[in-house]
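Structure assessment
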Amino acid sequence: MSTITTSSPAAVRPLRGILLVLCAGMLWGTTGTAQSFSDGALSPYWVGALRLGVAALFFLAYAGSLNGLPHLGRQLAGLDWRRAVWAGACMASYNLTFFAGVKATGVAVGTALAIGSGPIWAGLLQLVGGARPRPGWWAGTLLAVGGGVLLVFGRGGDIQADPLGIALCLASGLSYALYALLNKKLVQHSAPAVATLGVFLVGALLALPAAGLWAGPLQITVSGWLVVGFLGIASTGIAYLLFSTGLRGISAATGVSLALMEPVTAFLLALAVVGERPGALAYAGLAALLAGLAIVIRAETR
């Protein structure tokens, strides 16, 4: 007679965290397709800042609905605000430097550098902090990053080697990695909804004035508000809630690597919705990226 065994909590938690972060990456991957429905009148800087503001309102409504506003106030009072402010600053920096870098280097180079450098930064930062990612994580991450670069360049687009733009994109990847490491600490001691609320409030308060300074007064149409609403609630609010919850069960470095599910989703949506027809290089990149993610998942669950 065969026996039925149940997974231990230690085995279940990483799998749950992995699934949640992969789902977050899929939601992040809808950003480009959603923006294609905009009339293009809204500055990219305002897109990045407004989606942080809408996401902060989403977290406020969600966290307040769980236990009521008085209890939420007590939870926010107990939040590690020093770490939350730094995480919020990193989130604002990530959004603004990403859009500025992409504007200077083009979509292909900017996306490859910003998204591809994030996992590498995360691994290096964990090494500095005394945590050594497994060799399997490094192998899978480097393969996934290489595949992601091929995927992005295989889809075409302008290639511009602007030094300042390259620096901004690398800064964007660093900002995202720092956010993930700080957020990992926050969600270990606070509810993910409360932690993300605090972080995104800070991020929005920093990003909105910066967008006004860089892009001038806000000029937005009805279609622009619809796109920003979707980006703020789905591609940012729900996605980062899933990401923050998932970080409770996996390492921050693995979380940043699994976020490479974003270009996979963007690629599939471009095929199905936009009608894009990429070359063989993009499909080779897709295969390498998925293989790399599988290796990262294997390393995290062992």
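Residues numbered from 1 in each chain as written. Predicted model: local features only at pLDDT ≥ 70, side-chain atom pairs only at ≥ 80, totals over all residues. Heavy atoms only, no water.

Overview of the overall build of the chain
The number of helices and strands found in the chain is 13 helices and zero strands. Its helices and strands in sequence order give the chain the pattern α-α-α-α-α-α-α-α-α-α-α-α-α, from N to C terminus. At 19 Å, the chain has a C-alpha radius of gyration in line with the 19 Å of a compact globule built from 302 residues. Seen through its C-alpha atoms, the chain measures out along the principal axes to roughly 65 × 55 × 40 Å. Across the 302 residues in the chain, those meeting the buried criterion constitute 51%. Look at the contacts in the chain between residues 6 or more apart in sequence, and 88% of them connect residues 24 or more apart. Total accessible area on the chain stands at roughly 13,700 Å², and carbon and sulfur atoms take up 69% of it. (Helix = DSSP H or I, 4+ residues; strand = E, 2+ residues; numbered from the N terminus. Rg over C-alpha atoms; globule rule 2.2 N^0.38 Å. Buried < 20%, exposed > 50% of the residue type's maximum accessible area, 1.4 Å probe, protein only. Contact = heavy atoms within 4.5 Å. Areas by Shrake-Rupley, 256 points an atom, 1.4 Å probe, with all protein chains shown as cover.)

Side note on the layout of surface pockets
In this structure, the largest pocket encloses a volume near 1,200 Å³. Looking at the largest pocket, it is lined by 47 residues, and the ones nearest its centre are G32, Q35, F98, V107 and T111. Of all the secondary structure elements, the ones that give two or more residues to the lining of the largest pocket are α2 (31–35), α3 (44–67), α5 (81–105), α6 (107–128), α7 (135–154), α8 (163–189), α10 (222–246) and α12 (261–274). It is α6 that contributes the most residues to the lining of the largest pocket, seven residues altogether. When the residues that make up the lining of the largest pocket are grouped by side-chain class, the tally is 27 nonpolar, 15 polar and five charged. What lines the second largest pocket is a set of 13 residues, among which L125, Q126, L181, L182 and K185 lie closest to the centre. Those elements giving two or more residues to the lining of the second largest pocket turn out to be α6 and α8. (1 Å grid on protein atoms, 1.4 Å probe; cavity = no way out; pocket = protein on both sides within 12 Å on 5 of 7 lines; lining within 4 Å. Points joined across faces, edges and corners; volume = space filled by probe spheres on them. Nonpolar A, V, L, I, M, F, W, Y, C, P; charged D, E, K, R; others polar.)

Regarding the side chain of S172
Here S172 shows up in helix α8. Taking the relative accessible area as the measure of exposure, S172 reaches 0% and is therefore buried. For S172, the contacting residues outside a window of four places in its chain are Y94, T97, F98 and A114.

Details of the nonpolar core
Y176, Y179, F200, Y240 and F243 are the most contacted members of the largest nonpolar core, which has 79 residues in total. With twelve residues, α3 is the largest single contributor of residues to this core. Every residue in contact with F243, bar those within four places of it in the chain, is listed here: V21, A24, W28, Y176, Y179, A180, G255 and V256. (Core = buried A, V, L, I, M, F, W, Y, C linked by side-chain atoms within 4.5 Å.)

Digging into the confidence of the model for the chain
The pLDDT averaged across the chain works out to 88; a share of 94% of its residues lies at or above 70. Across residues 1–12, where pLDDT falls below 50, the model places two contacts with residues more than four positions away in sequence or in other chains. (pLDDT = per-residue confidence, 0-100.)

Considering the pattern of salt bridges
Per the stated rule, a full pass over the model turns up one salt bridge. Here D80 ties to R83 by a salt bridge, and the two come within 2.8 Å at their closest N and O atoms. A residue is classified by how much of its surface remains accessible, and R83, at 28% relative accessible area, is partly exposed. (Salt bridge = Lys/Arg side-chain N within 4 Å of Asp/Glu carboxyl O.)

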